[in-house]
Amino acid sequence: MSDDVLIHPTAVVSPHARVADDVKIGAYTVVGAGVEIATGCEIGSHCVLKGSTTLGPNNRIYSFASIGDDPQDKKYSGEETRLEIGAGNTIREYCTINRGTIQDEGVTTVGDDNWIMAYAHIAHDCRVGSHIIMANAAMLAGHVQVGDYAMLSAFTAIHQFCRIGAHSFVGAYGGIGKDVPPYVLVFGTPPKPRGINTEGLQRREFSPDQIRNLKEAYRLLYRSETLVADAREQLKERSAEQPELKILVEFIAKSGRGLIR
């Protein structure tokens, strides 16, 4: 496509879509009614964007992605639901991101500055934070929540209603059926907690003291014989002087499926 042609002549853009003047849309892409695309976005060829789907500024979507189509849920009967995507995301080839369902809050959300690699899937009603990496063919079932700066390696599969904590790391081929706490490194077959995501925390400029505190929290939660409820109370007390523990304490308190062990 020539640099001076923003929308390829073979693209089909509904007159009821709202598309910023500088958006680039590639060959044979379809943009349906109800789609809103903000400034600075670039949509590759052969993509399909449907439904009540909102893209914030500066997203780049590569070829053959399906964004905002119906949820893959047998209970879905055509209700009006939404997909909301933030700013600065990279969404690679063949990714699928579905709208929400009325059985939840009716919306799937994706935050900002995420790197979502080829063949990744984000199902209905997921809540994906910001600065997340989803490697090739990582898959989220319905109602999954992923915290900021988490990393899901290739072929990771997350069971419905599970939560993946902020700054955590899930290794390749992991089938996750429980909640992964913030900061925790999980890998293996079957996947198990192996410690703190030290390398990721160092990259994000956590101090040596903060990393030491998190390692001690991990030992209390996973290496001692302390009950989870009691460990949470001890971590809550420590969090007054170690604020990096607060999201861990809150995560444990809200765990519905239980923590991966």
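For the structure itself, consult the block above.
So, here's what we can say about the structure. (Residues numbered from 1 in each chain as written. Predicted model: local features only at pLDDT ≥ 70, side-chain atom pairs only at ≥ 80, totals over all residues. Heavy atoms only, no water.)

## Thoughts on the overall build of the protein
- Check the secondary structure of the protein and you find four helices and 27 strands.
- At 20 Å, the protein has a C-alpha radius of gyration in line with the 18 Å of a compact globule built from 261 residues.
- Structurally, the protein occupies a C-alpha span of about 65 × 40 × 35 Å along its principal axes.
- Buried positions account for 49% of the 261 residues belonging to the protein.
- Long-range pairs, those at least 24 residues apart, make up 31% of the contacts in the protein with a sequence separation of at least 6.
- Carbon and sulfur atoms make up 50% of the accessible area of the protein, which amounts to about 12300 Å² in all.
- Side chains of the protein give 27 positive and 31 negative charges; the mean places of these two sets differ by 8 Å. (Helix = DSSP H or I, 4+ residues; strand = E, 2+ residues; numbered from the N terminus. Rg over C-alpha atoms; globule rule 2.2 N^0.38 Å. Buried < 20%, exposed > 50% of the residue type's maximum accessible area, 1.4 Å probe, protein only. Contact = heavy atoms within 4.5 Å. Areas by Shrake-Rupley, 256 points an atom, 1.4 Å probe, with all protein chains shown as cover. Lys, Arg positive; Asp, Glu negative; His and termini not counted. Charge placed at Lys NZ, Arg CZ, Asp CG, Glu CD.)

## Overview of the nonpolar core
- The biggest cluster of nonpolar side chains holds 63 residues, and the ones touching the most others in it are Leu49, Ile61, Ile67, Ile122, Met134, Leu140 and Ile164.
- Counting residues per element, the ones that place at least two in this core are strand E11 (82–85), strand E26 (184–187), helix H2 (208–223), helix H3 (228–238) and helix H4 (246–253).
- When residues of this core are assigned to their parent elements, the largest contribution, seven residues, is made by H2.
- In this structure Ile67 touches Val48, Leu49, Lys50, Thr53, Ile61, Leu83, Ile85, Ile91 and Ile97, once residues within four positions along its chain are discounted. (Core = buried A, V, L, I, M, F, W, Y, C linked by side-chain atoms within 4.5 Å.)

## Focus: the sheet that holds strand E20 (residues 145–146)
- Read from one edge to the other, the open sheet built from eight strands follows the order E2-E5-E8-E11-E14-E17-E20-E23, with strand pairing classed as parallel. Of all strands in the sheet, those with a lone pairing partner are strand E2 (18–19) and strand E23 (163–164), marking the two edges.
- Judged from the two bridges that link them, E2 and strand E5 (residues 36–37) form a sheet pairing that is parallel. Within E5, the residue paired with Arg18 across the bridge is Glu36. (Pairing = 2+ DSSP bridges.)

## Here's the deal with the packing of H2 against H3
- Put simply, H2 and H3 touch, their axes get as near as 9 Å, and they point 160° apart. On the basis of the axis angle, H2 is roughly antiparallel to H3. Regarding H2 and H3, the two cross each other, and that crossing is right-handed. On H3, the residues touching Glu216, Ala217, Leu220 and Leu221 of H2 are Val228, Ala231, Gln234, Leu235 and Arg238.
- For the contact of H2 with H3, the residue count by class is six nonpolar, one polar and two charged. (Axes fitted to C-alpha atoms, helices over the stretch in contact; angles between N-to-C directions. Parallel < 35°, antiparallel > 145°, perpendicular 65-115°, else oblique. Left-handed = near helix turned anticlockwise from the far one by under 90°. Nonpolar A, V, L, I, M, F, W, Y, C, P; charged D, E, K, R; others polar.)

## Considerations on H4
- Within H4 the residues assigned to the buried category are Leu248, Val249, Phe251 and Ile252. Taken down its axis, H4 places every buried residue within 165° of arc, on the same side. (Arc of directions from axis to C-beta.)

## Structural notes on the pairing of strand E27 (residues 192–196)
- Relative to E27, E26 is paired through four bridges, and the arrangement is antiparallel. Bridge pairing in E27 places Val184 opposite Ile196.
- Adjacent in sequence and paired antiparallel, E26 and E27 are bridged by four residues, among which Gly188 carries a positive phi angle near 110°.

## A few points about empty space enclosed by the protein
- Under the counting rule described, the total for this entry stands at one cavity of 30 Å³ or more.
- Put simply, the largest cavity is a space of about 40 Å³.
- Together, Pro182, Tyr183, Val184, Ile196, Leu214, Ala217, Tyr218, Leu221, Tyr222 and Leu248 line the largest cavity.
- Per-class residue counts for the lining of the largest cavity are 10 nonpolar, no polar and no charged. (1 Å grid on protein atoms, 1.4 Å probe; cavity = no way out; pocket = protein on both sides within 12 Å on 5 of 7 lines; lining within 4 Å. Points joined across faces, edges and corners; volume = space filled by probe spheres on them.)

## Points about unusual backbone geometry
- For the peptide bond that leads from Thr189 to Pro190, omega is 0°, which places it in the cis range.
- One can find Pro190 in the loop between E26 and E27.
- The backbone of Phe64 sits at a positive phi, close to 70°, despite the residue not being glycine.
- The topology assignment puts Phe64 in the loop between strand E9 (60–61) and strand E10 (66–69).
- Overall, Phe64 belongs to the partly exposed group, its relative accessible area being 40%.

## Points about the packing of H3 against H4
- Running from N to C, H3 and H4 cross one another at 150°; their axes reach a closest spacing of 9 Å. With respect to H4, the element H3 is oriented roughly antiparallel. Crossing of H3 over H4 shows left-handed handedness. Where H3 approaches H4, its residues Val228, Arg232, Leu235 and Lys236 are matched on the opposing element by Leu248, Val249, Ile252 and Ala253.
- Counted by class, the contact of H3 with H4 contains six nonpolar, no polar and two charged residues.

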